Amino acid sequence: MKSALVRARDVALRRIDRVIEPYPVRDLPDGHMVYLPGRGSTYVTDSGPKDKPAIFLLHSVLTNGLLCWYPLIPALNKHFRVITLDQRWHGRGLRNRPFDLDDCADDVAALADALGIDTFTAAGFSMGGGVAQLTWRRHRSRVNGLILCSTGPYFGSNDPKRQTSMSNIGRVMKVIHPPHVQPNAAKLDDRTVPDSVWALRQFLSTPVSRLGSLGDGMGRFDSRPWLSEIDVPTAVLISTRDRVIPPARQHLLSDNIPGSKAFEVDGGHACCVLEADRFIPVFCEAARHATSAPAPALR
């Protein structure tokens, strides 16, 4: 049974490799493992001028720091210090506790401590947008701006039928993709392979067998009760053709965060990579707003 599933997986990956043409992989920053005291180690990239404002890029579910953000990083590096990390149970991130977005937010603050960064802008895509909001809420003195992309104040993953489906997928995938097997660092760091192979390796570094617990962690997130308390410059990027997080839900952020500004991207939920040519200039404009605008007054 196991060998048959593995063969099926390999065939599927070869077929995907022939049809996927990701955004060109170029000018990737080098990364390394960083130890977070009392928490463990995670994979981090830290690029751009160290004397410029710091932006932490927080990735979406089932990706990792580089896969979600690699098209954008070279453009941001001109004006910002840019940090990515692999969040818990993703890529080379921590795998020592059940998945919870509160822990992910605390990991961000712990990494800022490890890198000697006092304050920073938290930018998150989809799930990372929830982590960014929680980082502000749990570490208010550290976050001086927010950039929330293709995300909302909740994820709706706590629907019982949806959770059952995700858990069932996870159980099947345990045969193919054991959750505790660490990803092959040499393969993840190999940039001599075609772009599609590099992207697939990054994707497969996250154990899909954890899908149920990832959904549980996301389902517990709900920032609606405290959105009006957010008091830092905030940019909200709305992906107008998003079928995963509907634009109406994304607008709940711009409608309820005091002084926030909405920026529209003509793209779907994976616009950060699949429609990066549209996403990058809008994000850069949003970054200028979130890092230079004065803090809004609370309503």
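Right above here is the structure, for reference.
This text gives an overview of the structure that appears in the document. Everything numeric here is computed off the predicted structure, so don't read it as measured data. (Residues numbered from 1 in each chain as written. Predicted model: local features only at pLDDT ≥ 70, side-chain atom pairs only at ≥ 80, totals over all residues. Heavy atoms only, no water.)

1. Side note on the sheet that holds strand β6 (residues 143–149)
Where strands meet in a sheet, backbone hydrogen bonds hold them as pairs that are either parallel or antiparallel.
Turning to step 1, where the next piece is worked out: The sheet built from 8 strands is open, its strands ordered β1-β2-β4-β3-β5-β6-β7-β8 with mixed pairing. In this open sheet, the two edge strands, each paired with only one partner strand, are β1 (31–36) and β8 (261–265). Across the sheet, the mean angle from the axis of one strand to that of its neighbour is 25°, orientation sign disregarded.
Turning to step 2, where the next piece is worked out: In this structure, strand β3 (residues 54–58) lies alongside strand β4 (residues 81–85), joined through 4 bridges in parallel fashion. Bridge assignment links I55 to a residue of β4, and that residue is V82.
Turning to step 3, where the next piece is worked out: Together, β6, β7 (234–239) and β8 form the strand contacts of helix α10 (residues 247–256), whose direction differs from that of β7 by roughly 170°. (Pairing = 2+ DSSP bridges. Helix = DSSP H or I, 4+ residues; strand = E, 2+ residues; numbered from the N terminus. Axes fitted to C-alpha atoms, helices over the stretch in contact; angles between N-to-C directions. Contact = heavy atoms within 4.5 Å.)

2. Regarding the pairing of β3
Turning to step 1, where the next piece is worked out: Counting buried positions along β3 yields 5 of 5 residues, so the element is predominantly enclosed.
Turning to step 2, where the next piece is worked out: Residues A54, F56 and L58 point to one face of β3 and I55 and L57 to the other, with burial holding for every one of them.
Turning to step 3, where the next piece is worked out: Here β3 pairs with strand β5 (residues 120–125) via 4 bridges, running parallel. Residue pairing for β5: L57 is matched across the bridge by A123. (Buried < 20%, exposed > 50% of the residue type's maximum accessible area, 1.4 Å probe, protein only.)

3. Re helix α5 (residues 127–138)
Turning to step 1, where the next piece is worked out: Taking 1.5 Å of rise per residue, the 12 residues of α5 would be expected to cover 16 Å, and the 17 Å separating its terminal C-alpha atoms lies within 8% of that figure.
Turning to step 2, where the next piece is worked out: Counting buried positions along α5 yields 10 of 12 residues, so the element is predominantly enclosed.
Turning to step 3, where the next piece is worked out: All of the buried residues along α5 are M127, G128, G129, G130, V131, A132, Q133, L134, T135 and W136.
Turning to step 4, where the next piece is worked out: Its buried side turned inward, α5 meets β3, α4 (101–115), β5, β6, α9 (211–219) and α10. (Expected span 1.5 Å × (residues − 1).)

4. A closer look at the nonpolar core
Turning to step 1, where the next piece is worked out: Counting residues in hydrophobic clusters, the biggest one holds 44 residues, and the most contacted among them are F56, L101, L111, F120 and L146.
Turning to step 2, where the next piece is worked out: Among the elements that line this core, the one with the most residues is α4, at 8 residues.
Turning to step 3, where the next piece is worked out: Setting aside residues up to four positions removed in sequence, L111 forms contacts with V34, L36, V44, F56, I83 and L85. (Core = buried A, V, L, I, M, F, W, Y, C linked by side-chain atoms within 4.5 Å.)

5. Thoughts on α4
Spacing of three or four residues puts side chains on the same side of an α-helix, whose turn is 3.6 residues.
Turning to step 1, where the next piece is worked out: Given a rise of 1.5 Å per residue, 15 residues ought to cover 21 Å, and the 21 Å separating the end C-alpha atoms of α4 matches this to within 8%.
Turning to step 2, where the next piece is worked out: Buried residues dominate α4, accounting for 12 of its 15 residues.
Turning to step 3, where the next piece is worked out: Listed as buried for α4 are L101, D103, C104, A105, D106, D107, V108, A109, A110, L111, A112 and L115.
Turning to step 4, where the next piece is worked out: Between the side-chain oxygen of the N-cap and the backbone nitrogen of D102 there are 2.9 Å, and the N-cap of α4 in question is D100.
Turning to step 5, where the next piece is worked out: One or two residues past the end of α4 sits G116, with phi positive at roughly 70°. (Polar contact = N/O pair within 3.5 Å; in protein donor to acceptor, adjacent residues only side chain to side chain.)

6. Topic: the pattern of salt bridges
Two side chains that carry opposite charge are able to pair once their charged atoms sit near each other.
Turning to step 1, where the next piece is worked out: One pass over the full model with this rule turns up 19 salt bridges.
Turning to step 2, where the next piece is worked out: In this structure, the salt-bridge partner of D103 is R97, at a minimum N-O distance of 3.3 Å.
Turning to step 3, where the next piece is worked out: By relative accessible area, which is 15% here, D103 ends up buried.
Turning to step 4, where the next piece is worked out: With relative accessibility at 33%, the residue R97 sits in the partly exposed group.
Turning to step 5, where the next piece is worked out: Between E229 and R140 there is a salt bridge, and its shortest N-O distance comes to 2.9 Å. Linking E229 in the loop between α9 and β7 with R140 in the loop between α5 and β6, this pair joins segments that are 89 residues apart in sequence.
Turning to step 6, where the next piece is worked out: Linked through salt bridges whose partners overlap, the residues forming this network are R241, D266, E275 and R278. (Salt bridge = Lys/Arg side-chain N within 4 Å of Asp/Glu carboxyl O.)

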